[in-house]
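Descriptive structure summary
What follows is each chain in one-letter form.
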Amino acid sequence: MGLTRILYSFEWLVSSRYLRSRRKQSFISIISLISVGGVAIGIATVILVISVMNGFEQSLKDKFLINQAHVNVRSTKGYFNNYQEQIDKIQGIAGVVSASPVIYSQLAIQPKRSKRIEGTIYIKGIDPILENDVTGFSGFVDGSFDFHDSALLEDVRHRSSQRETIKGGIVLGSSVASRLDINRGDVLRLISKMEPNPANPSTFFADVSNFVVIGLYESGMFAYDNAFGFISLEIAQDLYNQKNHINLIQVRTTTPEIASTIANKIRREIKFSNSGLYSVPRTSTWVESHAALFEAIQLEKLVTVIIEALIILVASFNIASTLIMMVMEKTREIGILRSMGSSKMKILIIFVLQGCIIGFLGIVLGSALGIGICVLLALEVVRPSRWFALLIFVPIFLQVAIALHQTIRRSRSLKFAISLLWLGIIAFVLYCLVQPIQINSEVYQLNRLAVKIDWFFVGVINFSSFFICLLATLYPAWQASKLNPVEALRYE
Amino acid sequence: MSNLIRVENLHKTYVDATSDDITTPIEVLKGVDIEVQQGEILAILGKSGVGKSTLLHLIGGLDRPTSGSVFFEDRNIHAYSDRKLDQFRNLEVGFIFQSHHLLPEFTALENIAIGGLIARKNVSETYSSANEILDYVGLVDRSNHYPSELSGGERQRIAIGRALINQPKVILADEPTGNLDRKTSADILDLLWDLNDRLDRTLILVTHDHGLAQRTDRIVHIVDGRITDQNQIVET
């Protein structure tokens, strides 16, 4: 009822008619179209750019989260003892899925056939089952992750000389393995301690342990695969001389988003505990671990939003200038309407409505275009080549153009059908043109540009853009409303 | 007949914005008094620039006087608020201008109906009244034509029709045949007289055409912003 009243109201009738001015005034309707286009392109760009940035951020998060704990708990003084009690306590917190003990340190490595130390890597002592619960460890291991009973381990033990004791198995980061040219079944030496030789102080005794590479760990993140090796928790405690101690508790939460809340809870829970802790623990969430990157993305998003807001502001200036020209063009008509009893308010509403119609059409078209391109970018299917698309598109385009020309004065339903066909052609062209964008995975850690539409943001940008367009209409509409009707009637 | 309109000591002074000397006001009307009776056809006769149109605008509430009053049915319309004055123009007065002043984006039917839509009358009733008016002005077959598709005489007929949509008590016509040839002018004047005759509308015509003025019930001469002779009853 209300909508019908608006659609049949005097203000709506006049403003909508002015937008599609005929013949002599076609200049105005072209300007209206340009204004609609300006808003539409602004909105489409905002949605597209922000969706691509959201997609990029989400892909990075997914990539980071795939093999990492959501919360890491460390002791400020080094080690937790009696850690099982702490793990039980953490597991009792609502929102925690699992927690695993870890002891880790950096050790020098030396492949058996090499004569020199080949650098250092982090060696994590883990319980493979608990680690799997927290980081999905087993999913990234090519080979075995049973550090004690691997068949490979037995085989190497069997083949090795009496002097060489094998301490256990090691799962080695795939990039480390390829850098050192190590394969499964090879022996790797870990040097955990070096002490000066009392007899000759310029030489050292090295505490060397032999491990058999039983599996290769590949998460897809170079930084991780090139810096880690995994051994059994007990062996690691022995290696680091920290019996029954660990220096890290890894925690998985129900969703990554609550990591920070859970971290706070963990600090509170363990803070008031007077049992076997050396000190109040430090916690770090997965977001904090990559704080610099996520902050950079957030900053980039903020800057982008500001730039995009400026684009929409420029589009709204376009609306304002269109309306100012419209008011100049329609001065005499405003005088006529005033002579017929139209109030200043009605004149103001007419021009505000015009700006709002331009803004609304621009927002709807822009949203459809932006979301459409996002959806197309996200589609996995292979599109036809652009040349093929052109081959199909040109004849259809000509057909539609001819049909449009012939039916310009014909029935509405025919015009509607042709408009639909027209939209179909545009959609098809977009479908063919918008291909998934390939990106350099060595630089971005991702091989395809991901897209994620944030519907809340789309809503906010639509609403705020409409508000900006509304504001842009006020000055020209006010100018129109305060025209003196007698002078307006004389205006040529 | 009773007084429909009473104009008392009406003054209108403009400051000519286009003149270099903006401090010198131009006094267009210098104390005008007129009485117009219900159902009368009154001609306001005078040369160009003497203030005829200004007087018509003030009577129709399109402009405000510098001083003086216009009483419509004994109510001073210039004491009205802007909103009330808009309503007055919408419902009580119908303007017809020398140049038809139709809205180019609207069809003949819509041009007539728009006054009813301004008054927020029922849409379908307004369009049906507009159709009846089109029939009355003899252009029912032109209802969907735009002003650019109509002849000068047809446009002026539509303009007359537009003035009638809210059944106003008075029609104010400013040189309604000024842009038309002799034959078309005669048709338009016949239509206006018919309005007065059949619908009992009061008609105030502004003209510099003595021949046209002779057809009216009464002529008011205006010279240099003053009424010089307002009681000349035209003998028929």
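Above this text is the structure in question.
Quick caveat, the model's predicted, so the values are computed rather than measured.

1. Comments concerning the overall build of chain A
Secondary structure assignment for chain A yields 19 helices and 12 strands. For chain A, contacts bridging at least 24 residues in sequence account for 79% of all contacts bridging at least 6. Working note: accessible area of chain A is about 25400 Å², and carbon and sulfur atoms make up 62% of it.

2. Here's the deal with the sheet that holds strand β4 (residues 67-72) of chain B
All names here are of chain B. In space, the four strands of this open sheet follow the order β2-β1-β4-β5, with antiparallel pairing throughout. Looking at strand neighbours, the two that pair on one side only are β2 (25-37) and β5 (75-76), the edges of this open sheet. With five bridges connecting them, strand β1 (residues 3-15) and β4 associate as antiparallel partners. Counterpart to E8 in the pairing with β4 is S69. Against the sheet, helix α1 (residues 52-59) contacts β1, β2 and β4, and its axis sits at roughly 120° relative to β1.

3. A short note on the packing of helix α12 (residues 291-329) of chain A against helix α18 (residues 455-481) of chain A
Residue and element names in this part refer to chain A. Close contact between α12 and α18 brings their axes to 9 Å; oriented N to C, the two are set at 30°. One element, α12, and the other, α18, form an angle in the roughly parallel class. Every pair of crossing elements has a handedness; the one defined by α12 and α18 is right-handed. Contact residues: V305, I312, L313, S316, I319, A320, L323, I324 and V327 in α12; F457, I461, S465, I468, C469, A472, T473, Y475, P476 and A480 in α18. For the contact of α12 with α18, the residue count by class is 16 nonpolar, three polar and no charged.

4. Examining the packing of helix α2 (residues 10-19) of chain A against helix α3 (residues 108-118) of chain B
Relative to each other, α2(A) and α3(B) sit at 140°, their axes nearing to 9 Å. It follows that α2(A) is oblique to α3(B) by the angle criterion. Only B:E110, B:I114, B:L117 and B:I118 of α3(B) make contact with α2(A), whose side of the interface consists of A:F10, A:L13, A:V14 and A:R17.

5. Points about the packing of aromatic side chains
Counted according to the given criterion, the structure contains 14 aromatic pairs over all chains. When the ring of A:Y217 is compared with that of A:F230, the centres are 4.8 Å apart and the planes differ by 50°; the resulting orientation is tilted. Here the residue A:Y217 occupies a position in strand β8 (residues 204-217), and A:F230 occupies one in strand β9 (residues 228-232), the gap between them amounting to 13 residues. Owing to a relative accessible area of 1%, A:Y217 belongs among the buried residues under this scheme. With relative accessibility at 1%, the residue A:F230 sits in the buried group. Consider the rings of B:F72 and B:F88, whose centres lie 5.0 Å apart with planes at 75°: the pair is edge-to-face. One end of the pair, B:F72, is in strand β4; the other, B:F88, is in helix α2 (residues 82-91), with 16 residues separating them in the sequence.

6. Focus on the pairing of β9(A)
Residues and elements named next belong to chain A. The buried count for β9 comes to five of five residues, which makes it a mostly enclosed element. Relative to β9, strand β4 (residues 120-126) runs parallel, the two sharing five bridges. Opposite K124, over in β9, you have F230 as the bridge partner. Judged from the two bridges that link them, strand β6 (residues 166-173) and β9 form a sheet pairing that is antiparallel.

7. A word on the environment of A:M53
Mapped onto the secondary structure, A:M53 falls in helix α3 (residues 26-65). In the structure, A:M53 is positioned 251 residues away from A:T304 in sequence and 9.5 Å away in space, judged by C-alpha atoms.

8. Notes on the side chain of B:K12
Inspection of the secondary structure assignment puts B:K12 in strand β1. If we skip the residues at most four places from it in the chain, B:K12 touches B:I26, B:E27, B:V28, B:L29, B:T54, B:L58, B:D63, B:R64, B:P65 and B:T66.

9. Some details on the nonpolar core
A:F351, B:I5, B:L55 and B:I204 are the most contacted members of the largest nonpolar core, which has 83 residues in total. Apart from the residues lying within four places of it in its own chain, the contact partners of B:I204 are B:I5, B:V36, B:L42, B:I44, B:L56, B:I59, B:V170, B:I171, B:L172 and B:A173. With 65 residues, the next largest nonpolar core counts A:Y83, A:I170, A:V213 and A:F294 among its residues.

10. Focus on the environment of B:V137
Tracing the backbone through its elements, the reader meets B:V137 in the loop between α4 (123-136) and α5 (152-164). Filtering out sequence-adjacent residues up to four positions away, B:V137 remains in contact with B:R157, B:G161 and B:L191.

11. Considerations on the interface of chain B and chain A
Every contact between the two is made by 30 residues of chain B and, on the other side, 30 residues of chain A. Counting the surface lost from both chain B and chain A, the interface buries some 2600 Å², and carbon and sulfur atoms represent 60% of this. At the surface where chain B touches chain A, the tally comes to five salt bridges. Salt-bridge contacts for A:K344 lead to B:D82; the nearest nitrogen and oxygen are separated by 3.8 Å. Broken down by secondary-structure element, the contributors of at least two residues to the side of chain B that touches chain A are α2, α3 and α4 of chain B. In terms of residue class, the side of chain B that touches chain A is built from 14 nonpolar, seven polar and nine charged.

12. Things to note about the pairing of β1(B)
Remember that side chains alternate between the two faces of the sheet whenever the strand is regular. Strand direction decides the pairing type here: β1(B) and β2(B), joined by 10 bridges, are antiparallel. Directly across from B:Y14, in β2(B), lies its bridge partner B:I26.

13. So, a nonpolar patch on the surface
Residues and elements named next belong to chain A. A contiguous nonpolar patch, built from L299, L302, V303, I306, I307, L310, I311, L313, V314 and F317 and spanning about 910 Å² of accessible area, is present on the exposed surface. With respect to the element layout, I306 can be found in helix α12. With relative accessibility at 47%, the residue I306 sits in the partly exposed group.

What counts and what doesn't
- Residues numbered from 1 in each chain as written.
- Chains lettered and ligands numbered in written order.
- Predicted model: local features only at pLDDT ≥ 70, side-chain atom pairs only at ≥ 80, totals over all residues.
- Heavy atoms only, no water.
- Helix = DSSP H or I, 4+ residues; strand = E, 2+ residues; numbered from the N terminus.
- Contact = heavy atoms within 4.5 Å.
- Areas by Shrake-Rupley, 256 points an atom, 1.4 Å probe, with all protein chains shown as cover.
- Pairing = 2+ DSSP bridges.
- Axes fitted to C-alpha atoms, helices over the stretch in contact; angles between N-to-C directions.
- Parallel < 35°, antiparallel > 145°, perpendicular 65-115°, else oblique.
- Left-handed = near helix turned anticlockwise from the far one by under 90°.
- Nonpolar A, V, L, I, M, F, W, Y, C, P; charged D, E, K, R; others polar.
- Phe/Tyr/Trp six-rings, centres within 6.5 Å; stacked < 30°, edge-to-face > 60°.
- Buried < 20%, exposed > 50% of the residue type's maximum accessible area, 1.4 Å probe, protein only.
- Core = buried A, V, L, I, M, F, W, Y, C linked by side-chain atoms within 4.5 Å.
- Buried area = accessible area lost by both parts, 1.4 Å probe.
- Salt bridge = Lys/Arg side-chain N within 4 Å of Asp/Glu carboxyl O.
- Patch = residues over 30% accessible without salt bridge, like charges linked within 9 Å, V, L, I, M, F, W, Y side chains within 5 Å.

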